[in-house]
Amino acid sequence: MVILNIREIKELIKALGNTDIAEFLYEAEGTKVTIRKNAAFTANLAAAAPVAPVVVPSAPSEVSTPNEPEVEAKVDQEDNTITIVAPMVGTFYRAPSPDAAPYVSVGDLVDVGQPLCIIEAMKLMNEIECEVKGRILRILAENAQPVEYGQPLFVIERL
Amino acid sequence: MTVEKSVSTHWPPSSMDTLCSAVLNRLRQQGDAVSGEALSLEMGVSRNSIWKCIEHLRSGGYHIAGTRRQGYLLLSAPDTPYPWEIAYNLPTQELGRHGIYVAETSSTNDLVRQLARRQAPHGLVAVADKQLNGRGRRGRTWDSADNVGLWCSLLLRPKLPPTQLTLFPLLAGVAVIAAITEQTGLQAVLKWPNDVLLDMRKVCGILLELSAEADTVHHLVLGIGINVNQELRHFPDELRSSAGSLRLASGQMQLRVPLLQQVLVQIERRYLQLVAAGPTALLREVREHTSMIGKPVSVLAAEGAVLAGTALDIAADGALLVRDDNGHIHTVYAGDVSVRSPDA
């Protein structure tokens, strides 16, 4: 394993800035480096995105099967939170239908197996269930907006 | 149309379901009368149980003659999608080998979701004669009148990562098109992603519900509603210009059980091919049946945003590629797509 120097860490931060990766954890020989994007900043970016719901403008290259980035929920030991990410590309919905109340809001207590949102692609409705018992700290995607594979959706504090 | 009598079945099958299935197989195999005594011996149950089973089947629409001397003779079976009717002579490996039939339910998708949590197997099919709360996407209702349609949901436990499941809606759409052609000779078209149209009228809607984590699929519920024997009077006013049925398009009544068997056969064939050889053949078939490719379309997305452009192609993950008037190519994953006249 290689221990990263400051220059390499700076380069990593720069490289991660251009991706959807919300958090990067590196551990080697007792040294631990965590790079985490500011969630509020990410959310603002999403809100400021042009209004083109469910339509993801893309270069043709994005059409092919994506690489396999790490998409498992990331747990940070220090602040005890878990980030739920999108398991597939599609449209993010916070409620089961346009007239219904959202599944969850910031501050809600949630339990294992509780539905958090739906992601739709081609009439395939993927109901995302909560993996932990906890409290919703942040909701990072906007209702009825497109989300990418691996994009962070919720930050949940474990309780 | 005479309304058939029906009896519900259970999952897991009740002892009566199992006995009915075995007795029917025996009566069909013989093609001749079988005595109550012989049935009782073979099934390992009392004569009284056999008698109850025959009465149960009769109340479910089977015509079974019975004489003291000769025994029981099956005269006719109803076109009711009981699990044993679906599984009878069904040339599939896994789909439709198990099933449940109910006269009415809120939604067959909801029913299968419940059964999935009770460890029901891959391939289980649930059918209802009537859905009280049939669902479309985003809270829309699906009109599922009594007995005239095929309202069913299939439980799948595909051994594929969630990212590869976006092709399933299209797979189901082209499978239904193939089943309709096998059954009626009619050639339907696919409206992306998976509406099936005959004479420009929608005859089939498909809705899938997935339960998955990042890299594990728990189960996939594939709900299919096919308008089979509706006449225009069966549809509510607001659907009369856009809804169709196999009967309206073919001019004759169609049987539901053989149609469902064909749907299962066609889905399984494409599913096994997708797992074994990848999506190339499926995508080719989807492109062949998608009438909107090359035409001007408008996409009505969530919250009312509209994208106008030309439908270019189906992407490898099943998405629709649309080129807008500025030449930008958009990858569309959801929304209502309609073909517009070039001047609109």
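This is a predicted model, so every value here is computed, not measured.

Enquirer: Before we move on, could you go through the overall build of chain B and cite the residues and values that matter?
Expert: Each helix and strand in chain B was counted, giving nine helices and 14 strands. For chain B, whose C-alpha radius of gyration is 22 Å, the value lies close to the compact-globule estimate of 20 Å for 344 residues. Along the first, second and third principal axes, the C-alpha atoms of chain B reach 80 × 45 × 30 Å. Across the 344 residues of chain B, 54% fall into the buried class. Of the roughly 14900 Å² of accessible surface on chain B, a fraction of 49% belongs to carbon and sulfur atoms.

Enquirer: Before we move on, could you go through helix α6 (residues 168-184) of chain B and cite the residues and values that matter?
Expert: Here α6 of chain B is 17 residues long and its end C-alpha atoms lie 24 Å apart, about the 24 Å a rise of 1.5 Å per residue gives. By the criterion of burial, α6 of chain B is predominantly enclosed, with 13 of the 17 residues buried.

Enquirer: How would you explain the interface of chain A and chain B if you had to name every residue and give the values?
Expert: On the side of chain B, 43 residues touch chain A, which itself brings 32 residues to the contact. Together, the buried faces of chain A and chain B total about 3300 Å²; carbon and sulfur atoms form 62% of this surface. By the criterion of area lost to chain B, the three top residues of chain A are Met122, Lys123 and Leu124 of chain A, representing 26% of everything that side buries. Here chain A and chain B share one salt bridge between them. Put simply, Asp195 of chain B and Lys123 of chain A hold a salt bridge, and the shortest N to O gap is 2.6 Å. At the junction of chain A with chain B, the criterion picks out seven residue pairs in polar contact (both at pLDDT 80 or more). No other element matches the five residues that strand β9 (residues 124-129) of chain A contributes to the side of chain A that touches chain B.

Enquirer: Give a detailed account of the domain arrangement of chain B, specifying residues and quantitative values.
Expert: All names here are of chain B. What the domain assignment reports for chain B is domain 1 (15-76), domain 2 (83-289) and domain 3 (296-339). Its C-alpha centre places domain 2 at a distance of 24 Å from the equivalent point of domain 3. Each partner contributes residues to the interface: domain 2 has 10 residues there, and domain 3 has 14 residues. At the boundary of domain 2 with domain 3, total buried surface from both sides reaches about 980 Å², with 55% on carbon and sulfur atoms. On the surface where domain 2 and domain 3 come into contact, there are one salt bridge.

Enquirer: Tell me what's going on with a negative patch on the surface, and back it up with residues and numbers.
Expert: Together, Glu129 and Glu131 of chain A together with Glu213 and Asp215 of chain B give the surface a local cluster of negative charge. Structurally, Glu213 of chain B is set in the loop between β8 (201-212) and β9 (217-227). Classification of Glu213 of chain B as partly exposed rests on a relative accessible area of 36%.

What counts as what
Residues numbered from 1 in each chain as written. Chains lettered and ligands numbered in written order. Predicted model: local features only at pLDDT ≥ 70, side-chain atom pairs only at ≥ 80, totals over all residues. Heavy atoms only, no water. Helix = DSSP H or I, 4+ residues; strand = E, 2+ residues; numbered from the N terminus. Rg over C-alpha atoms; globule rule 2.2 N^0.38 Å. Buried < 20%, exposed > 50% of the residue type's maximum accessible area, 1.4 Å probe, protein only. Areas by Shrake-Rupley, 256 points an atom, 1.4 Å probe, with all protein chains shown as cover. Expected span 1.5 Å × (residues − 1). Contact = heavy atoms within 4.5 Å. Buried area = accessible area lost by both parts, 1.4 Å probe. Salt bridge = Lys/Arg side-chain N within 4 Å of Asp/Glu carboxyl O. Polar contact = N/O pair within 3.5 Å; in protein donor to acceptor, adjacent residues only side chain to side chain. Domains from an automatic or database assignment. Patch = residues over 30% accessible without salt bridge, like charges linked within 9 Å, V, L, I, M, F, W, Y side chains within 5 Å. Lys, Arg positive; Asp, Glu negative; His and termini not counted. Charge placed at Lys NZ, Arg CZ, Asp CG, Glu CD.

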